[in-house]
Amino acid sequence: MSPDDIFAGGGDTGRIMARLDWSRTPLGPVAGWPQSLRSAVRIVLSSRYPMLLLWGPDYTQLYNDAYSGLIGDQHPAALGGDVRVTLAAGWDVLEPLIVDAMATGVASWVPALRLMLERAGYREEAYFSVSHAPARDDDGRTVGVLTVCSEVTEQVVGERRLRLLRDLSLRGGDRTAGVAETCEQLAATMGEHPLDVPFAAIYLRDGAVLRRVAAAGTDAGGRDVAASLPAELPADAATEGRQPAAGLRGTVRLDVPEGLDVAGGPWALPVRETVAVPLPSADRDQPLGVLLAGISPSRGLDDAYRSFYHLVAQQVALAVRNCLAYEEERRRAEALAELDRVKTTFFTNVSHEFRTPLTLMLGPLTDALADAGEPLGPHQRERVDTARRNATRLLTLVNNLMTFSGLEAGRAGNQPREVDLARLTADLAGVFRAAVERAALRLVVDCPPLPRPTAVDPANWETIVTNLISNAVKFTFVGEIRVALDSDDHGVRLSVADSGIGIAEAELPYLFDRFHRVQGAQARSHEGSGIGLALVRELARLLGGDVGVTSAPGEGTTFTVVLPWSAVEPAGAGPAGGDPGATARAMAEEALGWLADPVPPAAADPGDAHILVADDNGDMRAYLARLLAGEGWRVETVSDGQAALEAVRREPPDLLLTDVMMPRLDGFALVRALRRDEATRTLPIVMLSARAGSESGVEGLDAGADDYVVKPFTAAELLARVRSNLRHEDRRRPGTGQRPPEPAAPVAAPAMTAEPVRRTAAAVPPIADLDVRWTYPLEPTASSQMRRDLRKALDGSVDLDLLDDLQLAATEAVNNAVEHAQQPARPEVDVRLSVAGGVVRLSVQDYGSWRGRPAPRDRGRGALLMNAYGDVRVTRSATGTLVTIERRLPEPPG
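Quick caveat: nothing in here was measured; it's all calculated off a predicted structure.

(A) Quick look at the overall build of the protein. What the protein contains, in helices and strands, is 24 helices and 32 strands. Summarising the internal contacts of the protein: among those between residues at least 6 apart in sequence, 65% fall at separations of at least 24. Accessible surface for the protein amounts to roughly 42,500 Å². Of this, 52% is attributable to carbon and sulfur atoms.

(B) Main features of the sheet that holds strand S28 (residues 828–836). Strand order in the open sheet made by the five strands is S26-S28-S29-S32-S31, with antiparallel pairing throughout. Single-partner strands in this sheet number two, and they are strand S26 (770–777) and strand S31 (871–877). Sheet twist, expressed as the average angle between the axes of neighbouring strands with direction ignored, equals 15°.

(C) Representation of the confidence of the model for the protein. Mean pLDDT for the protein: 81, with 81% of residues reaching 70 or above. Within the model, the stretch residues 734–763 combines pLDDT values under 50 with 58 contacts to residues more than four positions away or in other chains.

(D) Quick peek at the pairing of strand S5 (residues 142–151). Relative to S5, strand S1 (residues 51–55) runs antiparallel, the two sharing five bridges. Opposite Leu52, over in S5, you have Thr147 as the bridge partner. Inspection of the sheet shows strand S4 (residues 124–136) paired to S5 by nine bridges, in the antiparallel sense. Bridge pairing in S5 links Ser129 to Ser150. Between S4 and S5, which follow one another and run antiparallel, lie five residues, and Gly140 among them has a positive phi close to 90°.

(E) Fine view of helix H8 (residues 179–191). Relative to the 18 Å expected for 13 residues at 1.5 Å per residue, H8 spans 18 Å between its end C-alpha atoms, a close match to the ideal helical length. Listing the buried residues of H8 in full gives Val179, Thr182, Cys183, Leu186, Ala187, Thr189 and Met190. Buried residues of H8 fall within an arc of 155° about the axis and therefore sit on the same side.

(F) Spotlight on the packing of aromatic side chains. Overall, the coordinates contain nine aromatic pairs when judged by the stated rule. Taken together, a centroid distance of 6.1 Å and an interplanar angle of 85° make the contact between Phe7 and Trp33 edge-to-face. Placement of the pair is Phe7 in helix H1 (residues 3–7) and Trp33 in the loop between helix H2 (11–19) and helix H3 (35–46), with a sequence separation of 26 residues. Overall, Phe7 belongs to the buried group, its relative accessible area being 4%. Take Trp33: its relative accessible area is 4%, and that puts it in the buried class. Between the aromatic rings of Phe512 and Phe559, the centroid separation amounts to 6.1 Å while the plane-to-plane angle is 80°, which identifies the pairing as edge-to-face.

Rules used throughout
- Residues numbered from 1 in each chain as written.
- Predicted model: local features only at pLDDT ≥ 70, side-chain atom pairs only at ≥ 80, totals over all residues.
- Heavy atoms only, no water.
- Helix = DSSP H or I, 4+ residues; strand = E, 2+ residues; numbered from the N terminus.
- Contact = heavy atoms within 4.5 Å.
- Areas by Shrake-Rupley, 256 points an atom, 1.4 Å probe, with all protein chains shown as cover.
- Pairing = 2+ DSSP bridges.
- Axes fitted to C-alpha atoms, helices over the stretch in contact; angles between N-to-C directions.
- pLDDT = per-residue confidence, 0-100.
- Expected span 1.5 Å × (residues − 1).
- Buried < 20%, exposed > 50% of the residue type's maximum accessible area, 1.4 Å probe, protein only.
- Arc of directions from axis to C-beta.
- Phe/Tyr/Trp six-rings, centres within 6.5 Å; stacked < 30°, edge-to-face > 60°.

Structural data, given as structure tokens:
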């Protein structure tokens, strides 16, 4: 075999070997090579896998193209040379393997063998999976070693760095730790990986400086590097590049800080360079701080090393941001808790202050009604009795507030005493019999004697029972109310069931929340504090039990209070009876007030003004009727807005006096309906409301009312307002007694309904669940396209008022995206509409950065409008801004 044949097909390395003067090497001229060497060289050169052949006692090296790339700039000088010179830096590791293969003739395999190489101008940490097999001459003697190797440096180093990133994620995940403690944990984690992070320091922005909060690593003297690093750095953008603070402007490569002597890498070589990486925040212009970290002297700062440090900085920044967010949430929670404590204290103090004047009111009023020596006349008795009933109602509200504030503050009283619980419950239910029968309902009381004696706090039990029965009366219009008390092996169970309007399943989880009201529910009255059911739950738990509810729209509701026997076991001796107290009587009287029959207009001179009064409070209706009738006007009263609408349809009055908060149809909807009807567009309307403040007045006038009177008001004030509006109406009447013709309305008025122009929720079939998405170009036309798509998707499924609200909110979100999304990764905006669980959700996603201000702070006109029409959340991320608008669908009338 000629020399050309030996090296043929060996690529660049083969051509170099063919030109090499081998006579100057220990192997001698190629012509004198034994056949075994020639064959081994052919095998090496023909392989695409890195292979190295060592031949003879001088370990003369021959290799192929693939291996030449592993030794870097030592090729091609290494060809024909001594491997002990070429791989001198790692020979202490390789020699035992090579010697063993030659001595024993047995091949070996070592995965991920770490070697020091000097192939790129520095002592490099490299890893190889290596096989050493004996190479034999023609006589079968082992005269060399055939090495097959594969570099796995990237895999080994990459897995090692991934472990560090994983550890950082785990140890930085505790948001409850403070920022300083979290940074110390992160620094300690980096200190456990010195091969990649010889030392590290975390600097966070603190006003005009960067303050060091944590550091890891030791210097040559075994001291913490923190002793040699500055505690503060100026956070000025003009900081010179040699300072770590320059990393605020982007990743920079720096010399090791003066005076810091740190060793790193597998062979403890001096660390000469560091990298400063910004810690990103939500605001790109204001990084959280800087990560200052050493560069291993055994690894070059290539793209992979830079990316690794960027990921480390992101992990640190994420942990810090989470801690800052948690601290902000904690501070907000503490502020809310303090506000709640202040509120509870305020309610407690005010409630106490209320009780004194209420006592001084109720005492004389009760005495006046019971005075047989100087009895009141019929008219005075009616006035005083009205005052007494409403003072008693106010006292009940005050007592409920005091009880609730005591429960919140942990000071609620619970003084159980042995009572005949069945008799007490039956007596409490009996107090409501008159109100239930006046409502044309049946009251069924099923409270047989219990098999065991019981002890409860009578006042707390009275509050539970009366609130549940009162609630049943308010929302039941046909059928019956059933109050039952029974027991089993586990305890006592009270149930109050009605055949009322029922409650939608989506509302049940919130039913016992404070101040929660089911929107749009048909009720006898809108009056109430909104804490009745919340008070029932808290008192039931105070007594040692709990309360639950089952309901279905149109089928009624059942509340069940369960008290375990252990909670009602008597501790004292001798049963004591229980009688209904003031709470039960006051709530029963209030329920009677909801049920007062409408008063038709009294017979009077046809020329007298006819006034229609709409209010859901019976005492208020009676008071207004007496007050207005005393002026000679004909007065008709109704208890809600729908009844008022029907009364106007039968006989239009000369003036409508209406409350705002009423069942079935509130005052605002009533006024809008009348103003949109041609026949009643000019009807004088005076609104009454307990909602004080200029905003409420503006809302009433904007709805179309002629005047707005805030409760409490004086009789003289109200009469003056009524006279003024009647005189104004008289001036509009010509001598014929008819109103002059009015110009045509802008739109044709439909038949008189609660909402003559808009469709109401009752007229719209339930909307099916859906999930649709649209993508629009980031252009001003996006919002108009979106409105068309949204109307097409929802028209006919929701009432037009709700559809308009959703369109307005979504339009503002899309316009914000078009106006604010800068340098978008994708020049488009995605809109998603989903309907599920009775909730409409609109999501608007852009893919740019918002012009220099984080989205949560952009509280301009758009944000205000979006919040006015739905519940809005703004989430900012590296990919863009997501605005989510949610709106609960109204429940259909029961």
